[in-house]
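Here are the chains, one letter per residue:
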Amino acid sequence: MSVDKLCAQTMEWEDFLERLTADEETSAEQWDELAELHAHPFNLNTATREQLEQLPFLSPVQISHILTYLHTYGPLTDFSELQLVAGVDYETRAMLSLFVVCRPVKEKGAVPFPWREVLRHGRQEAVARVDIPFYYRKGYYTYPPEVLQRYPNRRYLGSRFYHSLRYRLASGERLTAGFTLENDAGEPFFAAGNKGYDYVSAYVLLHDVGPLHTVALGDYRLRFGQGLVVNTRFASGKQTVMDGAGSRGEGITRHASTSEQDYLRGLAVDWQKGGWGLAAFYSFRRQDATLKHGFITALKTDGLHRTRSEMEKKHDVHNQLTGIHLSYDAVRWHIGLTGVYTVFDKVLKPQFYYQQHDPRGRQFAAVGADYRLDLHRWSFAGETAVSGNGAVAALHTLAYRPLTALHLLLLHRHYAKDYEGIFARSFGEGSRVRNEDGLYAGLEWLPGRDLKLTAYTDWFRFPAPRYRVSFPRSKGTEAFVQLVGKCGKKSDWLLRYRYKQRERDVLADRKESAEGPVTVRRHTGKGQWRWQATSACLLKTTLDYVQNGASDKGNEQGYQLTQAIDLKPAAGGWECEAGGGYFHTDGYDTRIYAYERGLLYTYSFPAYEGEGVHGYLWGRYDINSLLTVIVKYVYTGYFDRDRIGSGTQEIEGRNKHDLYIQLKVTF
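This write-up is about the structure you can find in this document. Since the structure is predicted, the reported quantities are computational estimates derived from the model, not experimental observations.

Along the chain, the regular secondary structure elements total nine helices and 33 strands. Relative to its length of 667 residues, the chain is compact, with a C-alpha radius of gyration of 25 Å against a globular reference of 26 Å. Counting only C-alpha atoms and orienting by the principal axes, one finds that the chain spans roughly 75 × 60 × 60 Å. The long-range share in the chain, meaning contacts at least 24 apart out of those at least 6 apart in sequence, stands at 62%. Counting every atom, the chain has about 29300 Å² of accessible surface; 58% of that belongs to carbon and sulfur. The average position of the 83 basic charges and that of the 78 acidic charges among the side chains of the chain differ by 2 Å.

The following block contains the structure:
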């Protein structure tokens, strides 16, 4: 990680992850997809709008300017040529360098697809991982048979070791295939009904196959429009939406991660010609669910199958989905129409008070129209959708760039409380497209080469009751401001503040008291300073602060101070990083999230609460051009407790040690 590179047109992957994502809105699915794109960059000179829309920091106007430049002046001979593209500032170029390369363009159709030589000339990659905890949770204890007969879920069915294997084959940009095998800690392996790994996924993704632009077979993800009808990819957070509003990875892509939710399994095809596009897709999946009297009371989405109870919920229901998307793309405008029909083999019948407007029944449908118009400095985008019960969901954005260094955004959403978007996912305070109205206003400003300001305010309201909110029409507000700057050529800094206000029930039994609902106010702050001590050594100091207050509990607070050092010699093929810190919070509500360097394709954003210390040691060594080993050791120690966790996850003692090992083979 070089601070000097912040001034250039390159950026380190770790810097990108930490700067782009805000503490409490980070999505594991977003990290998965971005990690895949970073590991396998595409050629900018042959990039399509669909490929560029996968990058959350590119706005629709920037994408249009890049494509127009390539069409007018031809392929880029050097990455620095992007300085000539209007609206693409130095930071955008630096982030773009993580996901694209500039290669010569071969004439289309000059070289036929080498179907018979895929294995011979394709690039293959295998990544194996194992996690080793140096402790035992209560779920791994040995209990007498009579205890397990009475409490069968007290013991996990598998070992305490996590292990996974990912394989990928790529032949140019026209064929990608692979599979993923995973066993979470505690899940049975070749036991208790599992015939091998608990999670098995495979995919084949083809491009430019005869008249078809894309063909996906096996596990895949897709998104069209703003995601109000169907979106099994990630949704924009409140910080990342600033750049990419109206442009969020539309189309079909592979599902290659270890995430066991939000993907489809079957066949999807996409045909494109002369601006027109037609996509059709079908999926059949077995899903985990909680059943009661033959009805689905809840869909289980954590993917864990460690106990008998969890195994009984595995693949309890079948779901089929089919749909189409018709679109027309011009240089500065787009219009699309999406229709989806999905059916379960059992009836959905949620039972909790806050689910009274959730989808009920077996069959669901939704249709939506999405649209986009890009002018010189303005960009308008949106989608309006209607579900089978007549409920409406709509999202619209208006972006304006009065200056190259200033970006303004206004976003409005309305999601009816009974909208039935089973596979919908879009921008919002809630996790699904349902029961929410909101107005968002944000800006990004680069007052100078060494300073960037990001700020937004979001007002939201929930027409119907929600979890821990038993009354209708609850509301909230969120405000955010972040400053990133440089101090000369050797150091940079970040300041971040977020305020969120929401309403919830007063009592634990979720009933309103005579005084009415409680307003919860949460303040979070972050300060970070980095210094490039030498060309091979980077120091990073971070301070996090949280304050959480409610009239029924009073104020609680917490803070964390961490220090990290990264060593990356110019030669030798190795890199290591060490870090650690002290945390002190008054309780769970003031827990602090902190980004931590992890393994390839992993999501490492742990939360800390209570009082204690934590530290980690990370190392990577390229043995040769084929083999890479990554090792990470993590220690967490608490001063305020003698047990960590609860239930089957409880650890006796106040310390925990973990070792993570990953081996990558490229051939």
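Of note in this structure, Asp208 is not a glycine but carries a positive phi near 55°. Checked against the element boundaries, Asp208 lands in strand β6 (residues 199-209). We classify Asp208 as partly exposed; its relative accessible area is 35%. The backbone of His315 shows a phi angle near 55°, a positive value even though the residue is not glycine. In this fold, His315 is placed in the loop between α9 (308-312) and β13 (317-329).

Another point: the nonpolar core. Of all hydrophobic cores here, the largest spans 42 residues; its most connected members are Tyr220, Leu222, Phe281, Tyr419 and Tyr440. Counting 32 residues, the second-largest nonpolar core is a separate cluster that includes Phe16, Ala35, Leu82 and Leu98.

On the surface, Trp333, Ile335, Leu373, Leu375, Trp378, Phe380, Leu398, Leu410, Leu439 and Trp459 cluster together into a nonpolar patch covering about 910 Å² of accessible area. The topology assignment puts Leu439 in strand β19 (residues 436-448). Residue classification places Leu439 among the partly exposed positions, given a relative accessible area of 35%.

Any space left empty among the atoms is revealed by the rolling of a water-sized probe across them. Under the definition given, this model contains eleven cavities of 30 Å³ or more. Within this model, the second largest cavity holds a volume of roughly 160 Å³. Forming the walls of the second largest cavity are 17 residues, and the residues nearest its centre are Lys540, Thr562, Ala594, Tyr595 and Tyr616. Every element with two or more residues in the lining of the second largest cavity is listed here: β23 (518-534), β24 (537-550), β25 (554-567), β26 (574-585) and β29 (611-622). Here the residues of the lining of the second largest cavity are counted per class, giving four nonpolar, eight polar and five charged.

Turning to the environment of Arg620, a few remarks are in order. When you line up the elements, Arg620 lands in strand β29. For Arg620, a relative accessible area of 24% gives the class partly exposed. Excluding anything up to four places from it in sequence, Arg620 contacts Gly573, Trp574, Glu575, Leu600, Thr628, Val629, Ile630 and Lys664. Looking at Arg620, its side chain comes within polar contact range of the side chain of Asp622, at 3.5 Å.

The next thing to look at is the packing of aromatic side chains. Scanning all chains against the criterion turns up 27 aromatic pairs. Relative to Phe364, the ring of Phe344 lies with its centre 6.4 Å away and its plane at 80°, an arrangement referred to as edge-to-face. Placement of the pair is Phe344 in strand β14 (residues 333-348) and Phe364 in strand β15 (residues 361-374), with a sequence separation of 20 residues. Both residues of the pair, Phe344 and Phe364, count as buried. Through pairs of rings, three or more aromatic residues link up here, namely Phe352, Tyr353, Tyr354 and Tyr467. Sitting over the face of the ring of Tyr151, Arg154 holds its NZ or CZ atom 4.4 Å from the ring centroid. Geometry around Tyr601 places Arg166 over its ring, the cationic atom sitting 4.4 Å from the centre.

This brings us to helix α4 (residues 60-73). Taking 1.5 Å per residue, 14 residues should reach 20 Å; α4 reaches 20 Å between its end C-alpha atoms and fits that length. Every buried residue of α4 is listed here: Pro60, Val61, Gln62, Ile63, Ser64, His65, Ile66, Tyr69 and Leu70. Positive phi shows up at Gly74, right after α4, with a value of about 90°.

For a regular strand, the rule is simple: side chains alternate between the two faces of the sheet. Of the strand pairs in this sheet, β19 and strand β20 (residues 451-462) are connected by ten bridges, and their pairing is antiparallel. Within the sheet, the bridge partner assigned to Tyr440 lies in β20 and is Asp458. Counting the residues between successive antiparallel strands, the hairpin from β19 to β20 contains two residues. Sheet topology note: the β20/strand β21 (residues 474-487) ladder contains twelve bridges and is antiparallel. Of the residues in β21, the one forming a bridge with Thr457 is Ala479.

With eight bridges connecting them, strand β7 (residues 212-223) and strand β9 (residues 264-273) associate as antiparallel partners. Within the sheet, the bridge partner assigned to Val215 lies in β9 and is Val269. Here eight bridges tie β9 to strand β10 (residues 276-287), and the two strands are oriented antiparallel to one another. Along β10, the bridge assignment pairs Val269 with Ala280. Two successive antiparallel strands, β9 and β10, enclose a turn made up of two residues, where Gly274 displays a positive phi of approximately 60°.

Definitions and limits used
- Residues numbered from 1 in each chain as written.
- Predicted model: local features only at pLDDT ≥ 70, side-chain atom pairs only at ≥ 80, totals over all residues.
- Heavy atoms only, no water.
- Helix = DSSP H or I, 4+ residues; strand = E, 2+ residues; numbered from the N terminus.
- Rg over C-alpha atoms; globule rule 2.2 N^0.38 Å.
- Contact = heavy atoms within 4.5 Å.
- Areas by Shrake-Rupley, 256 points an atom, 1.4 Å probe, with all protein chains shown as cover.
- Lys, Arg positive; Asp, Glu negative; His and termini not counted.
- Charge placed at Lys NZ, Arg CZ, Asp CG, Glu CD.
- Buried < 20%, exposed > 50% of the residue type's maximum accessible area, 1.4 Å probe, protein only.
- Core = buried A, V, L, I, M, F, W, Y, C linked by side-chain atoms within 4.5 Å.
- Patch = residues over 30% accessible without salt bridge, like charges linked within 9 Å, V, L, I, M, F, W, Y side chains within 5 Å.
- Salt bridge = Lys/Arg side-chain N within 4 Å of Asp/Glu carboxyl O.
- 1 Å grid on protein atoms, 1.4 Å probe; cavity = no way out; pocket = protein on both sides within 12 Å on 5 of 7 lines; lining within 4 Å.
- Points joined across faces, edges and corners; volume = space filled by probe spheres on them.
- Nonpolar A, V, L, I, M, F, W, Y, C, P; charged D, E, K, R; others polar.
- Polar contact = N/O pair within 3.5 Å; in protein donor to acceptor, adjacent residues only side chain to side chain.
- Phe/Tyr/Trp six-rings, centres within 6.5 Å; stacked < 30°, edge-to-face > 60°.
- Lys NZ or Arg CZ within 6 Å of the ring centre and 35° of its normal.
- Expected span 1.5 Å × (residues − 1).
- Pairing = 2+ DSSP bridges.

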